[in-house]
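A closer look at the structure
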Amino acid sequence: MYNNYDRKIRSHYTMDNKDNTAELAVENNTYTREPNLITVPIENTDLAKVLELECAAKGEILTFPEYASVVIPIAYGFQGLSNDERTSFRGKTDIHTRWSTALAQYCIDKNYQQLLEFGCGDGSLVENTLSILSSKKYKIKYTGIESILPLRQQTETRLKKAGFEADVNQITTLDNLKVDTTSPVLVVFPFSLDSVTPSILTTSKIYGGMPDTEIGITVKNGYLIEQLILPNQLKFKNRGLENGIYTVGDKWELDLSSWDVSHQWDRVYFPSGMIETLATLSQLVPLNSEFIIIDEKAFNPTGRSRVILPPRTINTFIGTSIDCDLVDLYQQSGNTVFYHPLCNELLHQNLFDIGFSKVSYNGEISAANNLTFHHSEKNINETCLATFAQNLIKNQKLRRISIQPPKIDSIIID
Ligand SMILES: C[S@@+](CC[C@H](N)C(=O)[O-])C[C@H]1O[C@@H](n2cnc3c(N)ncnc32)[C@H](O)[C@@H]1O
């Protein structure tokens, strides 16, 4: 029994980073076979050099999110696109065409004084929303969070040009965010939460078990090489994975001890970044704040391993195939934008765990139409969901978050 994804990786490459694997195996006394790790040349040789330097700075190995933080800004286009395309960026969506009126209406109906947007991109959504609000003489303070500098700059310029400079609190990164806690905040995630890159975890136990090892990436001589991250390398990154607890500095302990990865070296795309993002924001905003998360619909993992969907690229979303090929993705590093659809069950559980008492969702188009009192056509086939997390009733400084494994939806047998 394999799921298709596992089989694809197996048939492409099995790897020979024997030193690292053997060391770990000796440590755990569990070694029986090679994990299915990928080695592939990176087409963009300049980027390969940048990644190599980044490896040297980060303990000779990068986590998957560390790798993404180097290659995604490049893929967003400021190095890669033609002149004509520089006004836009590859991850841009058409959300501003549906949600500007809906958000403006929602702010007015619920009397929000503050709007915070996570992953604002080029600021199209907020520009339109503020325009609608100002035409109704409604004032709101806006905060934008965006990890990519040129996009923060685009949002800033756009809002300045439109005359909304005075309505901006901050356009910043999550680490530098300062929230005004005097009134509840409406926090919107417009196709951004699934862009927060997950960590790749696996188990070294022959008969499966809880995740105990993280898979990382080394770049050397133009080659990208997946390797197991050794405990001391993880420690260098101020992280740890022991007894099913994934620690992030002295900030978070993500408890995965109830997870059971069925087979040795099966992969779990564990959305630690998503969980940390939601938990951080829930602790910064005052009680009664609300989150609206708009993202592509995702399914629970399928097949024998607890794979929370491997990445998709914008190209594979537009095309017919569902998941991208990790080998191609690595090879074309810096040339594609990838994201990880969220497992809804895990997302909803996490929203309850961090303190919301009401979580509901609807098709994204229907939700936007409902808020603006437009009647949706019946039976529209929606590929995206809007999840509403309401009634934030506690934001105590929790450190340990228990994460239950999502159900496996179906088993593919061949
Ligand atoms: C698919 S794009 C959507 C952009 C915009 N909201 C839109 O709909 O056009 C996802 C955005 O989230 C941003 N993002 C991803 N992870 C982030 C993080 N950890 N902090 C801030 N922004 C992030 C990306 O840089 C990107 O601009």
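Residues numbered from 1 in each chain as written. Predicted model: local features only at pLDDT ≥ 70, side-chain atom pairs only at ≥ 80, totals over all residues.

Things to note about the overall build of the protein
On a plain count of helices and strands, the protein comes out with 13 helices and 19 strands. Partitioning the contacts of the protein with sequence separation of at least 6, the portion at a separation of at least 24 is 78%. (Helix = DSSP H or I, 4+ residues; strand = E, 2+ residues; numbered from the N terminus. Contact = placed C-beta atoms within 7 Å.)

Points about the site of the ligand
Every one of the 18 residues lining the ligand counts as a neighbour, but G91, T93, G119, G121 and S192 are closest to it. Split into classes, the residues belonging to the shell around the ligand amount to nine nonpolar, seven polar and two charged. (Near = placed C-beta within 6 Å. Nonpolar A, V, L, I, M, F, W, Y, C, P; charged D, E, K, R; others polar.)

Some points on the nonpolar core
With 99 residues, the main nonpolar core has C107, L186 and V187 as its most contacted residues. Counting residues per element, this core draws most heavily on helix 4 (residues 64-78), at eight residues. Excluding its chain neighbours within four sequence positions, the residues that come into contact with L186 are Y106, C107, Y112, Q114, L115 and E290. (Core = buried A, V, L, I, M, F, W, Y, C linked by C-beta atoms within 7 Å. Buried ≥ 20, exposed ≤ 12 C-beta atoms within 10 Å, placed from the backbone.)

Here we look at helix 5 (residues 96-109)
With 14 residues, helix 5 ought to run about 20 Å at 1.5 Å a step, and its terminal C-alpha atoms sit 19 Å apart, in line with that. Within helix 5, the full set of buried residues consists of H96, R98, W99, S100, A102, L103, A104, Y106 and C107. Elements that come into contact with the buried residues of helix 5 comprise strand 3 (114-118), helix 6 (124-135), strand 6 (185-190) and helix 13 (364-371). (Expected span 1.5 Å × (residues − 1).)

Comments concerning the packing of helix 5 against helix 6
Each pair of packed helices can be summarised by the angle the axes make with each other and by the distance between the axes. Two elements in contact, helix 5 and helix 6, have axes whose closest approach is 8 Å; the angle formed by their N-to-C orientations is 45°. Put simply, helix 5 runs oblique to helix 6. You can see that helix 5 and helix 6 cross each other, and the crossing is right-handed. Residues H96, W99, S100, T101, L103, A104 and C107 of helix 5 form the contact with helix 6, whose participating residues are S124, L125, N128, T129, I132 and L133. (Axes fitted to C-alpha atoms, helices over the stretch in contact; angles between N-to-C directions. Parallel < 35°, antiparallel > 145°, perpendicular 65-115°, else oblique. Left-handed = near helix turned anticlockwise from the far one by under 90°.)

Regarding the packing of helix 5 against helix 13
The contact between helix 5 and helix 13 brings their axes to 8 Å, and the two run at 45°. It follows that helix 5 is oblique to helix 13 by the angle criterion. Relative to helix 13, helix 5 is oriented so that their crossing is left-handed. Touching R98, W99, A102, Q105 and Y106 of helix 5 are I365, A368 and L371, all from helix 13.

Quick look at the environment of E382
With respect to the helices and strands, E382 occurs in the loop between helix 13 and strand 18 (384-392). Separated by 16 residues in sequence, E382 and S366 place their C-alpha atoms 8.4 Å apart. If near-sequence neighbours (up to four positions away) are discounted, E382 is found in contact with G363, E364, I365 and S366.

Description of the pairing of strand 11 (residues 245-248)
The sheet contact formed by strand 10 (residues 239-242) and strand 11 spans four bridges and is antiparallel. Along strand 11, the bridge assignment pairs E242 with I245. Connecting strand 10 to the next strand, strand 11, in antiparallel fashion are two residues, including N243 with a positive phi near 50°. Pairing analysis gives four bridges linking strand 11 to strand 12 (residues 252-255), with the strands arranged antiparallel. Counterpart to Y246 in the pairing with strand 12 is L254. (Pairing = 2+ DSSP bridges.)

Quick word on the environment of K205
When you line up the elements, K205 lands in the loop between strand 7 (199-202) and strand 8 (213-220). C-alpha separation for the pair K205 and Q264, spaced 59 residues apart in sequence, amounts to 5.4 Å.

Remarks on the sheet that holds strand 10
One open sheet accounts for four strands, arranged 10-11-12-19; its pairing is mixed. Only two strands of the sheet have a single neighbouring strand rather than two, namely strand 10 and strand 19 (400-402). Here the strands of the sheet are splayed against their neighbours by 15° on average, with no regard to which way each runs. Running over the sheet, helix 9 (residues 272-284) touches strand 11, strand 12 and strand 19 and is turned about 125° from strand 12.

Considering unusual backbone geometry
With the exception of glycine, the majority of residues adopt a negative phi angle, and the majority of peptide bonds are in the trans configuration. Even without a glycine there, the phi angle at E60 is positive, about 70°. Secondary-structure assignment places E60 in the loop between helix 3 (45-57) and strand 2 (62-63). At W265, a position not held by glycine, the phi torsion is positive, near 70°. Mapped onto the secondary structure, W265 falls in the loop between strand 12 and strand 13 (268-270).

Concerning the sheet that holds strand 18
In space, the seven strands of this open sheet follow the order 5-4-3-6-14-18-17, with mixed pairing throughout. Edge positions in the open sheet fall to strand 5 (168-172) and strand 17 (356-363), since each of these has one partner strand only. Between one strand axis and the next, the sheet turns through 15° on average, direction left out of account. With four bridges joining them, strand 3 and strand 6 adopt parallel strand pairing.

Description of the environment of H263
With respect to the helices and strands, H263 occurs in the loop between strand 12 and strand 13. In sequence terms H263 and K205 are 58 residues apart; their C-alpha atoms lie 7.6 Å from each other.

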